Amino acid sequence: MTDRQESGITFDGRGLLCVTLLLRLRAAIADAPAGTLVHVRATDPAAPLDLPAWCHLTGHDYLGPVDDDTYALRLTADPTPTRADAPWHRPAG
């Protein structure tokens, strides 16, 4: 198996737009250990831009597309938190 095909978590975000996709993805991976491979299924046309940008912001490793609507990322040990209601913003502090 290649790095983007091993087993892990599959999150089905098809039909969701950016903010909702990221909020639900964040909830789905909240208890997963570092190193977990996550496949995100997404049909939002912005997903190929939003997912790598969100990974860059939070510190997770974006691995790239697996197929037309599936993207892979790997969870890191200490991701940077984002606001509960706004996955693009760090908490005030």
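Going by the structure above, here's the rest.
Residues numbered from 1 in each chain as written. Predicted model: local features only at pLDDT ≥ 70, side-chain atom pairs only at ≥ 80, totals over all residues. Heavy atoms only, no water.

Undergrad: What exactly am I supposed to notice about the overall build of the protein here?
TA: Counting its regular elements, the protein contains two helices and four strands. For the protein, the sequential pattern of α-helices and β-strands runs β-α-β-α-β-β. Since a compact globule built from 93 residues should have a radius of gyration of about 12 Å, the 12 Å found for the protein is in line with a globular shape. In terms of its C-alpha atoms, the protein occupies a principal-axis envelope of roughly 40 × 30 × 20 Å. Out of the 93 residues in the protein, the part that is buried amounts to 38%. Within the protein, counting contacts between residues at least 6 apart in sequence, those at least 24 apart form 65% of the total. Of the charged side chains in the protein, 8 are positive and 12 negative, and the gap between their average positions amounts to 4 Å. (Helix = DSSP H or I, 4+ residues; strand = E, 2+ residues; numbered from the N terminus. Rg over C-alpha atoms; globule rule 2.2 N^0.38 Å. Buried < 20%, exposed > 50% of the residue type's maximum accessible area, 1.4 Å probe, protein only. Contact = heavy atoms within 4.5 Å. Lys, Arg positive; Asp, Glu negative; His and termini not counted. Charge placed at Lys NZ, Arg CZ, Asp CG, Glu CD.)

Undergrad: What am I meant to see in the pattern of salt bridges here?
TA: Side chains bearing opposite charge may pair, as long as their charged atoms lie close to each other. Here the structure, examined in full by the defined rule, presents three salt bridges. We note a salt bridge from R14 to D12, for which the minimum N-O separation is 2.6 Å. A residue is classified by how much of its surface remains accessible, and R14, at 39% relative accessible area, is partly exposed. Among the ionic pairs, D85 bridges to R83, the shortest N-O distance being 3.1 Å. When its relative accessible area of 52% is taken as the criterion, D85 is described as exposed. When its relative accessible area of 35% is taken as the criterion, R83 is described as partly exposed. (Salt bridge = Lys/Arg side-chain N within 4 Å of Asp/Glu carboxyl O.)

Undergrad: So what exactly am I meant to see when it comes to the sheet that holds strand β3 (residues 61-67) here?
TA: Picture the strands of a sheet paired through backbone hydrogen bonds; they go either parallel or antiparallel. Pairing in this open sheet of four strands is mixed, and the strands run β1-β2-β4-β3 from one edge to the other. With one partner strand each, in any of the chains shown, β1 (9-12) and β3 form the two edges of the open sheet. Ignoring strand direction, the axes of neighbouring strands in this sheet form an average angle of 25 degrees. Of the pairings in the sheet, the one linking β1 to strand β2 (residues 37-41) comprises four bridges and is parallel in character. Residue I9 lies in a different strand from β2, and its bridge partner there is V38. Sheet contacts for helix α1 (residues 18-29): β1, β2 and β4 (70-74); angle to β1, the most-contacted strand, approximately 150 degrees. (Pairing = 2+ DSSP bridges. Axes fitted to C-alpha atoms, helices over the stretch in contact; angles between N-to-C directions.)

Undergrad: Honestly, the environment of D85 in this entry has me stumped. Any pointers?
TA: Tracing the sequence through the fold places D85 in the segment after β4. It is 23 Å that separates the C-alpha atoms of D85 and R74, two residues lying 11 residues apart in sequence. The contact partners of D85, leaving out residues within four places of it in the chain, are L23 and R26. A polar contact is formed between the side chain of D85 and the side chain of R83, at a distance of 3.1 Å. (Polar contact = N/O pair within 3.5 Å; in protein donor to acceptor, adjacent residues only side chain to side chain.)

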